[in-house]
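Geometric and topological summary
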Amino acid sequence: MKNFLPALVGFIVATFPICAAETADERPNIIFILADDMGRGDVSAYNPNAAWKTPHLDQLAAEGVLFTDAHSSSAVCTPSRYSVMTGRYAWRSELKKGVANGFSPPVIEDDRLCVATLLKGKGYTTAMFGKWHLGLAWAKKADATNDQDVDYRQPFDGGPTARGFDHFFGISASLDMPPYVWLRDNRVVAAPNTTAPGNQGLTMWRAGPISEDFAHADVQPRLIRAATEFIARQNKQKPFFIYLALASPHTPILPTGKFAGQTQTTPYGDFCVQVDHDMGAIVSALKAAGLDENTLIIFTADNGCSPAANLADLAKFKHDPQVGSRGHKADLYEGGHRVPFIARWPAKIPAGARSDALVCQVDFMATCAELVAQLLPATAGEDSASFLPVLKNPAAHSQVRDSLVHHSINGSFAIRSGKWKLCLAPDLGGWSDPRPGKAPAGSPPFQLFDLEKDPAETTNLFAQHPEIVRALDAKLKQHVLAGRSTPGAPQPNTGGNDWLELAWMKEFSTPAR
């Protein structure tokens, strides 16, 4: 199967060549930046009452388009990253709930077309910097007895360079997950030589192997330096794609240098300001290289703010990372997956635009395909819809998709269509109350919300609108069982559908009016 993907890409490129108008110097450079556990309200362009300012991100929004109804495909990180790379909901993969860790096997299937492979096939230089968190096929010691018995001297497989990236520099998973080693392309830079003890609180990380050249506080600065140095080496003759997957402001929350204490709020606030400053460094590097005008930058986050940011302390400064949304990271409610999403492309995107189009990070694949005039095969991007028309003309294009599937950390589903959102669980499916299995006795099995009238999801209308419940339930079942939510030939879900032993997949009756 590993030899199938290059052959597929070659066939696609030969069959559907680049349109004449899409020449190398007209196709944009693309930089997709994914912050880790950052809420909409942590960006002051979304939150005028934020306890700190993010001038560089605000400037991105002022020079491009700010999306107000944008979502990660999951309320936690690994599945969101899968969707960014593949244009497919992660619950169609082997990962039906939860996240990977630093020693997990690859989540992305070997024969799956990824966005980096697509762009590489169209002449792009592709590079990733940062947190992979999609599993690696580590080489194991001869006497290995568990997943952590890794032979760090050997190359690993299944990582970024096996998924279309020419270059990779970063870490295997979240910054609080071992192994704490730097990775370059498909090798470990320096093998671990000791064990880092676990840590708690805002600077929490798990105990595990660490190399002598690795310090948690160095990760953010080194990733930004690597990305800006890569930009400085590029030119206008060949487009590039950068996937910059930050490990911040996720735990361990470690603002460095002048940023520590800068906001006079909390370390989390300082870390968010450091992220903002570094986004300014990316734009400055583009301008210095003469590449700014024709570079599409997308800034977003893999899910909502985490309670690890210490929400109670943030509330003392009247700071709301979710800007009124209920829930946070891991939850089905909007606070879990409604995220900042800003796009800037001076050559094409009108400045100062706002869009309320419903978009998702899973749409990045189809958007890139349209950017390079590439038709996707039926086996790729099954859940991806291009938002390129909205980027180019936000005022004239207000719809990208008519529905969107949400997914929580415990595998619970919700579906959004128009103003209606149906949660297929009596709880939040995550870390907020009511937690899974803790819904009050007698709670309806589902939750229906009118997001126009009730954006904070406080009033369950399940009993009042059985016809809407049935319609959304049927739409979700169709999306799940068809293996896709976009037009095209039905596709199999990885592992079949045996895992769908959920109450909502069975017959149910809704209360009469």
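Residues numbered from 1 in each chain as written. Predicted model: local features only at pLDDT ≥ 70, side-chain atom pairs only at ≥ 80, totals over all residues. Heavy atoms only, no water.

1. So, the sheet that holds strand 15 (residues 404-407)
With antiparallel pairing, four strands are arranged side by side in an open sheet as 15-16-17-18. Both edges of this open sheet fall to strand 15 and strand 18 (447-450), since each of them pairs with a single strand only. Strand-to-strand twist across the sheet, computed as the mean angle between neighbouring axes with direction ignored, equals 20°. Direction of pairing for strand 15 relative to strand 16 (residues 413-417): antiparallel, over a ladder of four bridges. Note on strand 16: the bridge partner recorded for His407 is Phe413. Contacting strand 15, strand 16, strand 17 (420-423) and strand 18, helix 11 (residues 466-482) runs over the sheet at an angle of about 110° to strand 16. (Pairing = 2+ DSSP bridges. Helix = DSSP H or I, 4+ residues; strand = E, 2+ residues; numbered from the N terminus. Axes fitted to C-alpha atoms, helices over the stretch in contact; angles between N-to-C directions. Contact = heavy atoms within 4.5 Å.)

2. Points about the pattern of salt bridges
Under the definition given, this model contains 26 salt bridges. Close ionic contact of Asp383 with Arg92 constitutes a salt bridge, the shortest N to O distance being 2.9 Å. One end of the pair, Asp383, is in the loop between helix 9 (364-371) and helix 10 (388-392); the other, Arg92, is in the loop between helix 3 (77-86) and helix 4 (115-121), and 291 residues separate them in sequence. Like Asp383, the residue Arg92 is buried in the burial classification. Here Glu457 ties to Lys421 by a salt bridge, and the two come within 2.9 Å at their closest N and O atoms. Taken together, the residues span a long stretch of sequence, with Glu457 in the loop between strand 18 and helix 11 and Lys421 in strand 17 at a distance of 36 residues. In this structure, Glu457 and Lys421 share a single accessibility class: buried. Connected through shared salt-bridge partners, Asp69, Glu334, Arg338, Arg416, Lys421 and Glu457 make up one network. (Salt bridge = Lys/Arg side-chain N within 4 Å of Asp/Glu carboxyl O. Buried < 20%, exposed > 50% of the residue type's maximum accessible area, 1.4 Å probe, protein only.)

3. Here we look at the sheet that holds strand 12 (residues 341-344)
Here we have 10 strands laid out as an open sheet, ordered 7-6-5-4-10-1-11-12-2-13, and mixed in their pairing. On the outer flanks of this sheet lie strand 7 (187-188) and strand 13 (353-355), each paired with one strand and no other. Of the strand pairs in this sheet, strand 5 (residues 167-171) and strand 6 (residues 183-184) are connected by two bridges, and their pairing is antiparallel. Residue Phe169 lies in a different strand from strand 6, and its bridge partner there is Arg184. Docked against the sheet, helix 5 (residues 219-232) engages strand 1 (29-35), strand 4 (125-131), strand 5 and strand 10 (240-245), running at close to 175° with respect to strand 10.

4. As for the environment of Trp132
Along the chain, Trp132 turns up in the loop between strand 4 and strand 5. Sequence spacing of Trp132 and Ile298 is 166 residues, and the spatial spacing of their C-alpha atoms is 18 Å. Not counting the four nearest positions on each side in its chain, Trp132 is found in contact with Arg81, Met85, Ile108, Gly158, Gly159, Pro160, Arg163, Phe168, Ile171 and Ser172. There is a polar contact of 3.0 Å between the side chain of Trp132 and the backbone oxygen of Gly135. (Polar contact = N/O pair within 3.5 Å; in protein donor to acceptor, adjacent residues only side chain to side chain.)

5. Concerning the packing of helix 5 against helix 6 (residues 267-288)
Relative placement of two packed helices is described by the angle separating their axes and the distance separating the axes. With their axes 9 Å apart at the nearest point, helix 5 and helix 6 run at an angle of 15° to one another. The angle between helix 5 and helix 6 falls in the class roughly parallel. When the axes of helix 5 and helix 6 are compared, the crossing they make is right-handed. Across the interface between the two elements, Gln220, Pro221, Ile224, Ala227, Thr228 and Ile231 from helix 5 touch Gln274, Val275, Asp278, Met279, Ala281, Ile282, Ala285 and Leu286 from helix 6. Among the residues making up the contact of helix 5 with helix 6, the classes are represented as 10 nonpolar, three polar and one charged. (Parallel < 35°, antiparallel > 145°, perpendicular 65-115°, else oblique. Left-handed = near helix turned anticlockwise from the far one by under 90°. Nonpolar A, V, L, I, M, F, W, Y, C, P; charged D, E, K, R; others polar.)

Read these as spatial facts, not as claims about activity.
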